[in-house]
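One-letter residues, chain by chain:
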Amino acid sequence: ATHLTPGTHLKFDKNIMEKIGLEEKGMEWKSFSNEQKVQVIIDIIGNSSEYEKRLKETNFDTFIRTLEYFLGGELSQQRLLSIQVDVALKSLDDNTASITEGIHKIVQKCNAIGRPTKDLPLHFWRVYIRLEDNSFDSLAESELDPEVLALPFIQLVEYFELVSLLGWQGETE
């Protein structure tokens, strides 16, 4: 409601506007110009005490509490997403098809919940070093087939593209 401007009246249902206006202003409502009507509606909807009052009058507050109970409120949802981030970080390993893609998905979840991402490069490097070590071990066992080193190089290129996109300055140097 705080984001309403006189231009948003185009999105209002005319019947709902008329109903609210008549309830709030009575017969005086009919004498208002369209601009005045829109401003009255914006003032009514934008008033937080009126908002709370109307929620109670319509029992919509009960509906919202019921939704929060079954789906969890905002804090519960953020806590669940934070747990998902922790699990995703723990499940990153050198068998992941793309470590960078995993990190990128984690960045998106962190951004959604306002969680800092400054430690994510450490997680990438932890997994990458294992991948690189495993690749060198495979190289020694594969009669010097250089193809086993392709995956670490691909991961580095993808990671460089990601850190450039995200603006992680220290990681591109």
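Reference entry: report on the structure contained in this document.

So, how was this worked out
- Residues numbered from 1 in each chain as written.
- Predicted model: local features only at pLDDT ≥ 70, side-chain atom pairs only at ≥ 80, totals over all residues.
- Heavy atoms only, no water.
- Helix = DSSP H or I, 4+ residues; strand = E, 2+ residues; numbered from the N terminus.
- Expected span 1.5 Å × (residues − 1).
- Contact = heavy atoms within 4.5 Å.
- Axes fitted to C-alpha atoms, helices over the stretch in contact; angles between N-to-C directions.
- Parallel < 35°, antiparallel > 145°, perpendicular 65-115°, else oblique.
- Left-handed = near helix turned anticlockwise from the far one by under 90°.
- Patch = residues over 30% accessible without salt bridge, like charges linked within 9 Å, V, L, I, M, F, W, Y side chains within 5 Å.
- Areas by Shrake-Rupley, 256 points an atom, 1.4 Å probe, with all protein chains shown as cover.
- Salt bridge = Lys/Arg side-chain N within 4 Å of Asp/Glu carboxyl O.
- Buried < 20%, exposed > 50% of the residue type's maximum accessible area, 1.4 Å probe, protein only.
- Polar contact = N/O pair within 3.5 Å; in protein donor to acceptor, adjacent residues only side chain to side chain.

Spanning 17 residues, helix α8 (residues 150-166) covers 24 Å between terminal C-alpha atoms, matching the ideal 24 Å at 1.5 Å per step. Each element contacted by the buried residues of α8 is listed here: α6 (99-113) and α7 (120-141). At the exit of α8 stands G167, carrying a positive phi of roughly 80°.

Once that is clear, we can look at the packing of α7 against α8. The N-to-C vectors of α7 and α8 enclose an angle of 160°; their axes lie 9 Å apart at closest approach. Taken together, the axes of α7 and α8 are roughly antiparallel relative to one another. Considering how the two elements wind past one another, α7 and α8 form a crossing that is left-handed. Here α7 contributes P121, F124, W125, Y128, L131, E132 and S135 to the contact with α8, which in turn contributes L151, P152, Q155, L156 and Y159.

Glancing now at a nonpolar patch on the surface. A surface patch of nonpolar side chains, amounting to about 710 Å² of accessible area, comprises F60, F63, L67, Y69, F70 and L71. Inspection of the secondary structure puts Y69 in helix α4 (residues 60-71).

Looking now at the environment of S31. Here S31 shows up in the loop between α1 (14-25) and α2 (34-46). With a relative accessible area of 57%, S31 lands in the exposed category. A distance of 2.7 Å separates a polar atom in the side chain of S31 from the backbone oxygen of E28.

Moving on, we get to the pattern of salt bridges. Across all of its chains, the model carries five salt bridges by this definition. Put simply, E18 and K37 hold a salt bridge, and the shortest N to O gap is 3.3 Å. One end of the pair, E18, is in helix α1; the other, K37, is in helix α2, with 19 residues separating them in the sequence. What makes E18 partly exposed here is its relative accessible area of 32%. Its salt-bridge partner being K19, residue E23 comes within 3.8 Å of it at the nearest N-O pair. You can see E23 and its partner K19 sitting in helix α1, four residues apart, about one turn around the helix. Take E23 and K19: they sit in the same class, and that class is exposed.

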